[in-house]
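If you want the building blocks of each chain, they are given just below.
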Amino acid sequence: FLICDECPIWEKFTLTIAEAARYFGIGETKIRQLVSNYPDADYILRLGNRKLIKRRQFEEMLNGINDI
């Protein structure tokens, strides 16, 4: 299992809010709203006070909707 900040973003299991915003082309504010509005969503990983986005699960959620 490789952990590094230099890994390509498309290979990371979890993304910070800022990374997810860049990767998915969605604003940080919108991602924070999604995390806040759906706190039990399977695409959220809590690490202490930090909230990370599980890249694949978030992508699957986005594939299933037409607008945010």
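Residues numbered from 1 in each chain as written. Predicted model: local features only at pLDDT ≥ 70, side-chain atom pairs only at ≥ 80, totals over all residues. Heavy atoms only, no water.

Caption draft 1: Molecular detail of the environment of T16. Here T16 is to be found in the loop between β1 (14-15) and α1 (17-24). Residues T16 and L62, spaced 46 residues apart in sequence, show a C-alpha to C-alpha distance of 17 Å. Excluding residues that lie within four positions of it along the chain, T16 makes contacts with R50 and L52. (Helix = DSSP H or I, 4+ residues; strand = E, 2+ residues; numbered from the N terminus. Contact = heavy atoms within 4.5 Å.)

Caption draft 2: Inspection of the nonpolar core at higher detail. Counting 15 residues, the largest nonpolar core has F24, I31, Y43, I53 and F58 as the members making the most contacts within it. The element contributing the most residues to this core is α1, with four residues. Here I53 is in contact with F13, T14, L15, I17, A20, I31, V35, Y43 and F58, once residues within four sequence places are set aside. (Core = buried A, V, L, I, M, F, W, Y, C linked by side-chain atoms within 4.5 Å. Buried < 20%, exposed > 50% of the residue type's maximum accessible area, 1.4 Å probe, protein only.)

Caption draft 3: Molecular detail of helix α3 (residues 55-63). Regarding α3, the residues found buried are R55, F58 and L62. Angularly, the buried residues of α3 cover 70° about the axis, an arc narrow enough to put them on a single face. Exposed and facing more than 90 degrees away from the buried side of α3 are R56, E60 and N63. (Arc of directions from axis to C-beta.)

Caption draft 4: Here's a closer look at the sheet that holds β1. The three strands lie next to each other as β1-β3-β2, forming an open sheet whose pairing is antiparallel. Every other strand in the sheet has two partners, leaving β1 and β2 (44-47) as the edge strands with one partner each. Two elements, β1 and strand β3 (residues 50-54), share two bridges in a ladder whose sense is antiparallel. Each residue of the ladder has a partner; that of L15, found in β3, is I53. (Pairing = 2+ DSSP bridges.)

Caption draft 5: Just the side chain of R55, in detail. Tracing the backbone shows R55 in helix α3. One buried charge, R55, has no salt-bridge partner; the nearest side chain with opposite charge is E59, at 4.1 Å. A distance of 3.0 Å separates a polar atom in the side chain of R55 from the backbone oxygen of W10. Discounting residues that sit within four places of it in the chain, R55 has contacts with I9, W10, E11, K12, F13, L15, Y23 and F24. (Lys, Arg positive; Asp, Glu negative; His and termini not counted. Salt bridge = Lys/Arg side-chain N within 4 Å of Asp/Glu carboxyl O. Polar contact = N/O pair within 3.5 Å; in protein donor to acceptor, adjacent residues only side chain to side chain.)

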